[in-house]
Amino acid sequence: QVQLVESGGGLVQAGGSLRLSCAASGRTFSSYVMGWFRQAPGKEREFVAAISRSTGYTYYSDSVKGRLTISRDNAKNTVYLQMNSLKPEDTAVYYCAGDNGILFDIQSRRASSYHYWGQGTQVTVSS
């Protein structure tokens with residue numbers, strides 16, 4: 001089992017940048033596919049990005065491709081989300097998620113695939 005704790009959210013102006021971090025407990029972090037999801041008020045949780053266990057392959061939603069970058073440091077048990085050129089529509093609670101039993105394919109883009117979730121961190125982008 002793994003516990004996930006996000007940090008790095010905050011208030012930023014449009015066009016600005018933030019870096020979210022998600023620290024994981026446990027000794028098997030490298031065996032987990034990791035993802036970032038977000039949920040805006042009144043909307044469903046949506047996929048943002050995912051990263052494979054050790055090869056560094058990544059997926060992104062079309063709405064963030066080219067602006068947000070997911071990465072991981074298995075030595076530090078941490079996954080990151082670098083957020084550049086932020087827009088007001090990026091405003092949401094951002095959640096990291098992990099699972100060691102899913103394939104890095106369409107499964108990694110579905111929230112229902114992940115067993116482990118962080119508590120979320122608020123990102124607010126002002127116009």
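None of the values given here were measured: they were computed from a predicted structure. (Residues numbered from 1 in each chain as written. Predicted model: local features only at pLDDT ≥ 70, side-chain atom pairs only at ≥ 80, totals over all residues. Heavy atoms only, no water.)

1. Thoughts on the pairing of strand 9 (residues 92–99)
Counting buried positions along strand 9 yields 7 of 8 residues, so the element is predominantly enclosed. Where strand 4 (residues 33–39) and strand 9 come together, 7 bridges link them in antiparallel fashion. Opposite Gln 39, over in strand 9, you have Val 93 as the bridge partner. The sheet contact formed by strand 9 and strand 11 (residues 121–126) spans 3 bridges and is antiparallel. If you follow Ala 92 over to strand 11, its bridge partner there is Val 123. (Buried < 20%, exposed > 50% of the residue type's maximum accessible area, 1.4 Å probe, protein only. Helix = DSSP H or I, 4+ residues; strand = E, 2+ residues; numbered from the N terminus. Pairing = 2+ DSSP bridges.)

2. Topic: the state of the cysteines
In this structure the tally under the stated criterion is 1 disulfide. Across a sulfur-sulfur distance of 1.9 Å, Cys 22 and Cys 96 are joined as a disulfide pair. Taking the sign of the torsion about the S-S bond as the criterion, the disulfide between Cys 22 and Cys 96, at about 45°, is right-handed. Residue Cys 22 is found in strand 3 (residues 18–24), and its partner Cys 96 is found in strand 9; the two are separated by 74 residues along the sequence. For the residue pair Cys 22 and Cys 96, the accessibility class agrees, reading buried in each case. (Disulfide = S-S within 2.5 Å.)

3. Considering the sheet that holds strand 7 (residues 68–73)
Taken in spatial order, the 4 strands make up an open sheet running 1-3-8-7, and their pairing is antiparallel. Each edge of the sheet is formed by a strand with only one pairing partner; in this case those strands are strand 1 (4–7) and strand 7. The mean angle between the axes of side-by-side strands here comes to 15°, regardless of whether they run parallel or antiparallel. Pairing between strand 7 and strand 8 (residues 78–83): 6 bridges, direction antiparallel. Among the inter-strand pairings, Asp 73 is bridged to a residue of strand 8, identified as Thr 78. (Axes fitted to C-alpha atoms, helices over the stretch in contact; angles between N-to-C directions.)

4. Details of the nonpolar core
Counting residues in hydrophobic clusters, the biggest one holds 27 residues, and the most contacted among them are Met 34, Trp 36, Val 48, Val 79, Leu 81, Met 83 and Tyr 94. Of all the secondary-structure elements, those providing two or more residues to this core are strand 3, strand 4, strand 5 (46–51), strand 7, strand 8, strand 9 and strand 11. The greatest single-element share of this core, amounting to 4 residues, is contributed by strand 3. (Core = buried A, V, L, I, M, F, W, Y, C linked by side-chain atoms within 4.5 Å.)

5. What about the pattern of salt bridges?
Under the counting rule described, the total for this entry stands at 4 salt bridges. Between Asp 90 and Arg 38 there is a salt bridge whose closest N-O contact spans 2.9 Å. With a gap of 52 residues between them, Asp 90 in the loop between strand 8 and strand 9 and Arg 38 in strand 4 connect regions that are remote in the sequence. For the pair Asp 90 and Arg 38, one class covers both residues: buried. Arg 67 serves as the salt-bridge partner of Asp 90, at 2.7 Å between the closest nitrogen and oxygen. Of this pair, Asp 90 sits in the loop between strand 8 and strand 9 while Arg 67 sits in the loop between strand 6 (58–60) and strand 7; the two residues are 23 residues apart in sequence, bridging distant segments of the chain. Via salt bridges that share partners, Arg 38, Glu 46, Arg 67 and Asp 90 belong to a single interconnected network. (Salt bridge = Lys/Arg side-chain N within 4 Å of Asp/Glu carboxyl O.)

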